[in-house]
Amino acid sequence: MGKRVAVVLAGCGVFDGSEIHEASAVLVHLSRGGAEVKIFAPNIEQRDVVNHLKGSPTDEKRNVLVESARLARGNIQDLAELKVSEFDAVIFPGGFGVAKNLCSWAVDGKNCTVNEHVNSTLQAFHKAKKPIGLCCISPVLAAKVFPGCEVTVGQDKNVDGRFPDAETASAIAELGCKHICKDVSESHVDKANKIVTTCAFMCKAPLHQIFDGVGTMRFPPVSVEGVAAAANCVAVLKHDSHFAVKTLEASCSLEEETPLKLPEESN
């Protein structure tokens with residue numbers, strides 16, 4: 001049986017909800033790994049509704065749970081109903097909805113408040129020593145809830161114009177957390193807190209790089225050093241204890257993929 005993973009959404013659409021491509025990437029990687037996934041969202045009103053064609057706010061009122069149901073194909077539950085005992089890990093895709101609906105970072109920055117059900121969900125998984133995955137802007141949730149944790153939102157400088165929101169890293173550091181600079185193709189694992197983060201669309205990168213970067217989230221981290229040097233070998237896709245994707249190993253033959261294997265609960 002595959003591991004049980006909760007995915008928490010923040011609406012539907014990058015400017016006022018969950019980033020659709022990131023949410024899809026998370027779900028595809030989990031599906032490929034054989035995980036049993038259930039999707040949740042808080043049953044609250046969105047902070048705002050943005051016309052995604054014009055990029056401007058409207059006078060509409062929408063509900064986060066109802067909008068998230070679009071991404072979940074209707075198969076979704078109120079976040080208030082999530083029970084940590086029924087899951088092995090939780091993942092939060094990014095999007096402005098995280099900073100607007102799951103917390104108030106978009107308005108208040110480091111002084112933000114976190115939605116009560118989001119906060120309690122994070123605290124419950126952390127207390128149970130179960131992995132927490134966060135993409136894009138979502139790592140600010142961990143930075144606010146778990147002082148001293150390690151996360152990445154990409155780079156702390158706008159390297160080559162690819163990280164226009166690099167100042168987020170400084171705000172995270174001001175909260176007493178450690179920001180780890182990573183490229184879009186990488187993720188970071190805070191082993192002590194079992195928090196796995198990747199920058200995704202915090203970097204201006206092609207969609208396939210975002211998808212692959214989301215796929216690097218794993219716990220515990222697995223070294224892939226030296227794989228590229230195996231000139232006469234092929235990269236084997238072999239699942240390890242991680243959220244979604246692949247551990248690359250040097251091998252001279254292709255082996256069958258094994259199901260997703262998330263870590264068992266620690267004592």
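Every value quoted in this text rests on a predicted model; they were computed, and no experiment measured them.

J.: With reference to specific residues and values, describe the overall build of the protein chain.
T.: Assigned secondary structure in the protein chain consists of eight helices and 13 strands. Put simply, 66% of the contacts in the protein chain that link residues at least 6 apart link residues at least 24 apart. For the protein chain, the exposed surface amounts to about 12300 Å²; the carbon and sulfur share of it is 49%.

J.: Can you tell me about the environment of Trp 105, naming the residues and giving the values?
T.: You can see Trp 105 is positioned in helix α4 (residues 105–108). With relative accessibility at 9%, the residue Trp 105 sits in the buried group.

J.: Account for helix α5 (residues 116–127), naming residues and giving values.
T.: Since the α-helix turns once every 3.6 residues, residues separated by three or four places project in the same direction. Spanning twelve residues, α5 covers 16 Å between terminal C-alpha atoms, matching the ideal 16 Å at 1.5 Å per step. Residues Val 118, Thr 121, Leu 122 and Phe 125 constitute the buried set of α5. Take α5 and look down its axis: the buried residues cluster within an arc of 95°, on one side only. Those residues of α5 that are exposed and angled more than 90 degrees off the buried face are Glu 116 and Lys 127. If you follow the buried residues of α5, they end up packed against β6 (89–92), α3 (96–102), β7 (132–135) and α6 (139–145). Where α5 begins, the capping side chain belongs to Asn 115, and its oxygen is found 2.9 Å from the backbone nitrogen of His 117.

J.: Break down the nonpolar core for me, with residues and values.
T.: The tendency in soluble globular proteins is for nonpolar side chains to be buried as a group. Formed by 70 residues in total, the largest nonpolar core has its most connected members in Phe 92 and Leu 141. If you tally residues by element for this core, the top one is α6, at five residues. Excluding residues within four positions of it along the chain, Leu 141 makes contact with Phe 92, Val 98, Leu 102, Cys 103, Val 114, Val 118, Leu 122 and Leu 134.

J.: Which residues make up the pattern of salt bridges, and what are the values?
T.: Inspection of every chain in the model, using the stated rule, returns nine salt bridges. Across the pair Arg 4 and Asp 88 runs a salt bridge, and its minimum N-O distance is 3.4 Å. Remark: Asp 88 occurs in the loop between β5 (77–78) and β6 and Arg 4 occurs in strand β1 (residues 4–8); sequence separation between them is 84 residues. Accessibility expressed as a relative area gives 27% for Arg 4, which makes it partly exposed. For Asp 88, a relative accessible area of 8% puts it in the buried group. Here Glu 45 ties to Lys 61 by a salt bridge, and the two come within 3.8 Å at their closest N and O atoms. With a gap of 16 residues between them, Glu 45 in the loop between β2 (36–41) and β3 (50–51) and Lys 61 in the loop between β4 (56–57) and α2 (64–71) connect regions that are remote in the sequence.

How each quantity is defined
- Residues numbered from 1 in each chain as written.
- Predicted model: local features only at pLDDT ≥ 70, side-chain atom pairs only at ≥ 80, totals over all residues.
- Heavy atoms only, no water.
- Helix = DSSP H or I, 4+ residues; strand = E, 2+ residues; numbered from the N terminus.
- Contact = heavy atoms within 4.5 Å.
- Areas by Shrake-Rupley, 256 points an atom, 1.4 Å probe, with all protein chains shown as cover.
- Buried < 20%, exposed > 50% of the residue type's maximum accessible area, 1.4 Å probe, protein only.
- Expected span 1.5 Å × (residues − 1).
- Arc of directions from axis to C-beta.
- Polar contact = N/O pair within 3.5 Å; in protein donor to acceptor, adjacent residues only side chain to side chain.
- Core = buried A, V, L, I, M, F, W, Y, C linked by side-chain atoms within 4.5 Å.
- Salt bridge = Lys/Arg side-chain N within 4 Å of Asp/Glu carboxyl O.

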